[in-house]
Amino acid sequence: MTTSAALSRKPRSAALLARQVMGEAGIGIALLALVLVFTVAAPKFATSDNLTNIATEITLNTMLAVGMTFVILVGGIDLSVGSVMALSAVVAGPLLTAHGLSTPVAILLAVLVSALVGMVCGLVNGLVSERWRVPSFIVTLGMLNVARGAALQYTNAKTVYDFPVGFSLFGTSTVLGIPTLFWIALAMVAVGHLVLTRTVFGRLVFAIGSNEEAVRLSGHRTSIVKVAVFVISGLTVGIAAVTYMARLNIASPILGSGYELSAIAAVVIGGASLSGGKGSMIGTLLGACLLGVLTNGLLLMGVSDFQRQMITGLVIMIAVVVDYYRGRLAARLPVEA
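The residue count restarts for each chain, going from 1 along the sequence in the order it is written. Where totals are concerned, whole chains, interfaces and linings use all residues; where local detail is concerned, this predicted model gives features only for residues with pLDDT of at least 70, and gives and counts side-chain atom pairs only at 80 or more. Side-chain calculation: all heavy atoms of the structure are included, whereas hydrogens and water are not.

In the annotation of an unreviewed UniProt entry, the entry for the protein chain reads ABC transporter permease, and the organism field reads Kitasatospora misakiensis.

Caption draft 1: Up close: the side chain of Ser 88. Comment: elements are numbered from the N terminus, with helices defined as DSSP H or I runs of at least four residues and strands as E runs of at least two. Position of Ser 88 relative to the elements: it lies in helix H3 (residues 81-96). In what follows, a contact means two residues having at least one pair of non-hydrogen atoms within 4.5 Å. With sequence-adjacent residues up to four places away left out, Ser 88 is seen in contact with Ser 114, Val 117, Gly 118, Gly 238 and Ala 241.

Caption draft 2: Layout of the pattern of salt bridges. The working definition used for a salt bridge is a side-chain nitrogen of Lys or Arg within 4 Å of a carboxyl oxygen of Asp or Glu. Across all of its chains, the model carries 6 salt bridges by this definition. Glu 130 is the salt-bridge partner of Lys 226, the closest N and O atoms lying 3.3 Å from each other. On the criterion of sequence distance, the pair formed by Lys 226 in helix H9 (residues 222-248) and Glu 130 in helix H4 (residues 103-131) is long-range, its members being 96 residues apart. Summarising the burial analysis for this pair, Lys 226 and Glu 130 share the class buried. A salt bridge links Arg 308 to Asp 305; the shortest N-O distance between them is 2.3 Å. Of this pair, Arg 308 and Asp 305 are both found in helix H12 (residues 305-331), 3 residues apart, which corresponds to roughly one turn of the helix. Relative accessibility under 20% of the residue-type maximum defines a buried residue, over 50% an exposed one, and the middle range a partly exposed one, all with a 1.4 Å probe and only protein chains included. Judged by its relative accessible area of 15%, Arg 308 is buried. Each of Glu 130, Arg 133, Glu 212, Glu 213, Arg 216 and Lys 226 takes part in one network of salt bridges that share partners.

Caption draft 3: Region of interest: unusual backbone geometry. Residue Arg 133 is not a glycine yet carries a positive backbone phi of 55 degrees. With respect to the helices and strands, the residue Arg 133 is situated in the loop between H4 and helix H5 (136-155). Exposure remark for Arg 133: the relative accessible area of 56% places this residue in the exposed category. With a phi angle near 65 degrees, Asp 162 is a residue other than glycine that sits in the positive phi range.

Caption draft 4: The arrangement of the environment of Ile 232 in detail. On the secondary structure map, Ile 232 appears in helix H9. Measuring from C-alpha to C-alpha, the distance between Ile 232 and Gly 122 comes to 7.4 Å, with 110 residues separating the pair along the chain. Apart from the residues lying within four places of it in its own chain, the contact partners of Ile 232 are Phe 70 and Phe 201.

Caption draft 5: Molecular detail of the packing of aromatic side chains. For Phe, Tyr and Trp, rings pair up if their centres lie within 6.5 Å, where Trp contributes its six-membered ring, and each pair is then called stacked (planes under 30 degrees apart), edge-to-face (over 60) or tilted (otherwise). Scanning the entire structure with this criterion turns up 2 aromatic pairs. Seen from their ring centres, Phe 38 and Phe 45 are 5.7 Å apart, and the 40 degrees between their planes marks the pair as tilted. Taken individually, Phe 38 and Phe 45 each receive the classification buried, so the pair is uniform in this respect. With a centroid separation of 5.9 Å and 85 degrees between ring planes, the pair formed by Phe 163 and Phe 167 is classed as edge-to-face. Exposure class is identical for Phe 163 and Phe 167. Each is buried. Its end group placed over the ring of Trp 132, Arg 131 keeps NZ or CZ at 5.3 Å from the ring centre. As a reminder, the over-ring test applies to NZ of lysine and CZ of arginine, requiring each to be within 6 Å of the ring centre and within 35 degrees of the ring normal.

Pasting the structure below:
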């Protein structure tokens, strides 16, 4: 490597380091500060049982936020994840109660069917949005109603329950004192992180979010990537649906209401830009943890549901404002020519 080439890399390294400090590190510091505040203000917050509850509570949002991260990175949005999760659950749920199937086979079929339903819904979202150039906000808003109505129609508005004991025990089991379902969520974050940072597909996701036209002119079919991220979102929704059933031992056609907002909030708080091209899986995980800690801490302090909603909304608004100024500061950093 020539001297000039080596020198040209120094500003780039410094810029990347600064962005990282302003991103994941900043969110991590905010999360740590919030934990310290609630530890002092709510004596029961730091107990092992409550920390286990927090890990359990943020599992679903983390799973949904993993898929949402891919969508937001290309400049899209998916408002249908909550309703699609309900549809996936009620379609897969009856398989767990089917006669003549052993518990392991029933669980495997339920996982496959739930994932398939989610991926099909994601595929429809992506294809409609790309084929007819309809904003993903509108398409997924339509899917939100279609999936919810289909879930209610499929079950005649009834809840599916009475799942196998082994399935329910798995949903409440722990490994090293941490809920097994949360380990699965962490594995999904790890896989998503590797895809975004170590694969060509991941680089294309970031590039499309930053400058889609440049990616298209370079010879890549951006439509395929943009459809794929919605399919990935549907896959994570399907996994989250099975997780929900394992945790609560029911499959309800009304589950997941409002979950899409929590997933979007986790991604945005984690440092992603709604215009695309910026974000990370680590940031998304920290954002989901911050929301979970905030909700749990406020609950222990006796804050009412209405007040918690207002405070959570305020946190999201602050995160968007902080992202605006962080973007302006990052734009002033030196980058490689």
